[in-house]
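Report on the structure
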Amino acid sequence: MQGLILKMQDDFNWTFMAGLALAILLFIVLVVVVSAMRVKTYRDRFLDISLDNTDKTETILTLEEELEALKVTNDHNEQTLKEFAKTKEILKATQETLLGLQENFVLLEKEFSQTQNQLSTLQNTHEDATKEQLILRGQYDTLQEDTNRLRINNSRLLMKLQSEERQASLK
């Protein structure tokens, strides 16, 4: 190797070729180093992007699951809202019916009160009529007894009168 170095020192062509070979070697090393750095950079980017894609895919799957859950909840809420609207209509109809029934109840209550007053009046009248009937029945019974007694007296008197007339006509 020393011989080669001595030859290179003596001959300019050998020096030029060694320098050129060294320059080409440095260029090749530089290209290899730059390529290796680029490959490392691209590999790191690829791994980062791959990890990001994996994370994003997991996030998208999670969001899709949440979206499905929200769709189900939304469908349930819409169904509940429809049922609420129906219930609201039923409630409105029921309230109208209730108001009608309350008005009818008030009218019937007034009529009941009037009927109750009439019943009370009729019961008082009935009681008075019953008392008067008892009084009149007592008077009727008394008069009946008097009439029977008077008839009996009239019959006796008539029989006496007839028997006296017979006795007077026989005499």
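As a starting point, this report considers the structure included with it. (Residues numbered from 1 in each chain as written. Predicted model: local features only at pLDDT ≥ 70, side-chain atom pairs only at ≥ 80, totals over all residues. Heavy atoms only, no water.)

**Digging into the overall build of the protein**
A tally of helices and strands in the protein yields two helices and zero strands. What you see for the protein is a C-alpha radius of gyration of 69 Å, clearly larger than the 16 Å of a compact globule of 171 residues, by over 25%. For the protein, the C-alpha atoms occupy an extent of roughly 225 × 25 × 20 Å along the three principal directions. Put simply, the protein has 171 residues, and 0% of those count as buried. Distance between charge centres in the protein, computed from 20 positive and 27 negative side chains, equals 11 Å. (Helix = DSSP H or I, 4+ residues; strand = E, 2+ residues; numbered from the N terminus. Rg over C-alpha atoms; globule rule 2.2 N^0.38 Å. Buried < 20%, exposed > 50% of the residue type's maximum accessible area, 1.4 Å probe, protein only. Lys, Arg positive; Asp, Glu negative; His and termini not counted. Charge placed at Lys NZ, Arg CZ, Asp CG, Glu CD.)

**Brief notes about the pattern of salt bridges**
A side chain with one charge may pair with a side chain of the opposite charge, provided their charged atoms come close. For the structure shown, the criterion picks out two salt bridges. The shortest N-O distance in the salt bridge between Asp 44 and Lys 40 comes to 3.4 Å. Taken as a pair, Asp 44 and Lys 40 lie in helix H2 (residues 12–170) at a separation of four residues, close to a single helical turn. Put simply, Arg 149 and Asp 146 hold a salt bridge, and the shortest N to O gap is 3.0 Å. Of this pair, Arg 149 and Asp 146 both sit in helix H2, three residues apart, which is roughly one turn of that helix. When its relative accessible area of 47% is taken as the criterion, Arg 149 is described as partly exposed. Assessed through its relative accessible area of 26%, Asp 146 is described here as partly exposed. (Salt bridge = Lys/Arg side-chain N within 4 Å of Asp/Glu carboxyl O.)

**Regarding the environment of Leu 20**
Within the secondary structure layout, Leu 20 lies in helix H2. Residues Leu 20 and Thr 130, 110 residues apart in the sequence, show an inter-C-alpha distance of 154 Å.

**Structural notes on a negative patch on the surface**
Together, Asp 48, Asp 52, Asp 55 and Glu 58 line one region of the surface with negative charge. Considering the arrangement of structural elements, one finds Asp 48 in helix H2. On the basis of relative accessibility, which here comes to 46%, the residue Asp 48 falls in the partly exposed class. (Patch = residues over 30% accessible without salt bridge, like charges linked within 9 Å, V, L, I, M, F, W, Y side chains within 5 Å. Areas by Shrake-Rupley, 256 points an atom, 1.4 Å probe, with all protein chains shown as cover.)

**Focus on a nonpolar patch on the surface**
The grouping of Phe 12, Phe 16, Met 17, Leu 20, Ile 24, Phe 27, Ile 28, Val 31 and Val 32 at the surface amounts to a nonpolar patch, some 930 Å² of accessible area in total. As for its position among the elements, Phe 16 is in helix H2.

**Concerning the environment of Glu 64**
Turning to its location among the elements, Glu 64 is positioned in helix H2. With relative accessibility at 43%, the residue Glu 64 sits in the partly exposed group. On a C-alpha basis, the gap between Glu 64 and Ser 35 in space is 41 Å, while along the polypeptide they are 29 residues apart.

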